Amino acid sequence: MDGFSNEGLLKFKDPILTHNPLAVFAEVCWLVNVIHPNMDLRPLRIAFQQILRLFRGEFPGYRECNSLYHDLRHTTDCLLALTRLIHGAWLRGMSVTQDNLTVGLIAAALHDTGYIQKVDEISGTGAQFTLTHIDRGIAFLEVYAAGFGNPGLDVEAIRNCMRCTGLDAAIDEIPFKEEQHRFLGKALGTADLLGQMSDRTYVERLPLLYREFQEGQVPGYKTEFELIKKTPLFWEFAKKRLATALGGIDAYMVDHFRSRWGMSRNLYRLAIEENIRYLTYLAKHHANDYRRFLRRKAETRSQTELRSR
């Protein structure tokens, strides 16, 4: 392909089987036990099981997730990235209490629940709520938080953290009660960006994101190729947001990967930069036949994999 091999996008393989939600949650629990060896994991397990039920269409009053980009895998990618960030911060000496750690992880698990349709919302897909999904997710939290196995759960803190995933959220203006909560909100906003853009199938899934944008009436992208072409520009915006509004927290990934896997690199950044280089190449050299080069040899996101138990 004119001297550019898309196989380069596959070299940053995650040590975890990220297509398996239970493998992701097992790693999350392992890292939580490193940070707080005596922490009661039952509330997290209950919350995670509830989220699995919701996305799989087993939660009373809700349909199965039918947004093809913002799916269960996206949520577990974000959850794993957040836990890694917190672990990296802990290695640097930052303390996060057990209660606050629970707040952050549950916020990650809930952050895209607003895409799930209720049983009486039968038209279209959950993508129609793209511009309102954060408020819908918060509404889900406020109704169902009592069923997450923790009667003392700080709903206000989770709500504030979820708001930090908005790309226009003024995080410093959100009324957090504690600075740990603000850190967790910034970490969640960071994990949301890193988790999706570093995905090994990110490039080939951009057409799915375009379809969600169209249904959700997101402005700025008249064609699928325009999204492909503009994604490198979005990454420039995202890098600035990571460094400023989100506080440069992604630097803690290096500490995590060094300690956990013996690799002194931020694999998320490396994978994103490789994705962006490939998209830039496609936009420049394959504007007329870019779709031929989107699919690569990578793990699939079949419903079977997403439902693996």
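Structure: see above.
Figured I'd write up the structure that's included with this text. (Residues numbered from 1 in each chain as written. Predicted model: local features only at pLDDT ≥ 70, side-chain atom pairs only at ≥ 80, totals over all residues. Heavy atoms only, no water.)

1. Some words on the overall build of the chain
Counting its secondary structure elements, the chain contains 12 helices and 0 strands. In sequence order, the chain lays out its α and β elements as α-α-α-α-α-α-α-α-α-α-α-α. Against the compact-globule benchmark of 19 Å for 309 residues, the chain has a radius of gyration of 19 Å, which places it among compact chains. Projecting the C-alpha coordinates of the chain onto the three principal axes gives extents of approximately 55 × 50 × 40 Å. Here the contacts in the chain between residues at least 6 apart in sequence split such that 74% fall between residues at least 24 apart. A gap of 4 Å separates the mean positions of the 40 positive and 37 negative side-chain charges of the chain. (Helix = DSSP H or I, 4+ residues; strand = E, 2+ residues; numbered from the N terminus. Rg over C-alpha atoms; globule rule 2.2 N^0.38 Å. Contact = heavy atoms within 4.5 Å. Lys, Arg positive; Asp, Glu negative; His and termini not counted. Charge placed at Lys NZ, Arg CZ, Asp CG, Glu CD.)

2. Side note on the side chain of Thr75
Examined against the element boundaries, Thr75 turns out to sit in helix 3 (residues 72-91). Sequence-distant contacts of Thr75, that is, excluding residues within four places in its chain, are made with Phe55, Ala108, Ala109, His111 and Asp112.

3. Some remarks on the packing of helix 1 (residues 21-35) against helix 10 (residues 252-261)
When two helices pack together, their arrangement is captured by the angle between the axes and the distance separating the axes. In the contact formed by helix 1 and helix 10, the axes pass within 13 Å of each other and the chain directions differ by 95°. Here helix 1 lies roughly perpendicular to helix 10, going by the angle between them. Within the contact between the two elements, helix 1 uses Glu27, Trp30 and Leu31 and helix 10 uses His256, Arg260 and Trp261. (Axes fitted to C-alpha atoms, helices over the stretch in contact; angles between N-to-C directions. Parallel < 35°, antiparallel > 145°, perpendicular 65-115°, else oblique.)

4. Topic: the nonpolar core
Core analysis: the largest hydrophobic core is formed by 93 residues, its most contacted members being Leu110, Ile158 and Phe183. Looking at this core, the element that brings in the most residues is helix 3, giving 9 residues. When residues no more than four places from it in sequence are discounted, the contact partners of Phe183 are Ile86, Ala89, Met94, Val96, Ile249 and Tyr252. (Core = buried A, V, L, I, M, F, W, Y, C linked by side-chain atoms within 4.5 Å. Buried < 20%, exposed > 50% of the residue type's maximum accessible area, 1.4 Å probe, protein only.)

5. What to know about helix 10
Residues Tyr252, Met253, Asp255, His256 and Phe257 constitute the buried set of helix 10. Where the residues of helix 10 are buried, they touch helix 1, helix 3, helix 7 (179-197) and helix 11 (267-285). Where helix 10 terminates, the next one or two residues include Gly262, which has phi positive at roughly 70°.

6. Things to note about the state of the cysteines
Under the defined criterion, the tally for this structure stands at 0 disulfides. Among the cysteines around Cys29, which has no disulfide bond, Cys78 carries the closest sulfur, lying 16 Å off. Cysteine Cys65 is unpaired, with the sulfur of Cys78 as its nearest cysteine sulfur at 14 Å. The exposure class assigned to Cys65 is buried, which follows from its relative accessible area of 16%. (Disulfide = S-S within 2.5 Å.)

7. Comments concerning empty space enclosed by the protein
Inspection of every chain in the model, using the stated rule, returns 2 cavities of 30 Å³ or more. Forming the boundary of the largest cavity are Phe25, Leu44, Ala47, Phe48, Leu79, Leu105, Ile106 and Ala109. When contributions to the lining of the largest cavity are tallied by element, the ones reaching two or more residues are helix 2 (42-55) and helix 4 (98-110). Tallied by class, residues from the lining of the largest cavity come to 8 nonpolar, no polar and no charged. (1 Å grid on protein atoms, 1.4 Å probe; cavity = no way out; pocket = protein on both sides within 12 Å on 5 of 7 lines; lining within 4 Å. Points joined across faces, edges and corners; volume = space filled by probe spheres on them. Nonpolar A, V, L, I, M, F, W, Y, C, P; charged D, E, K, R; others polar.)

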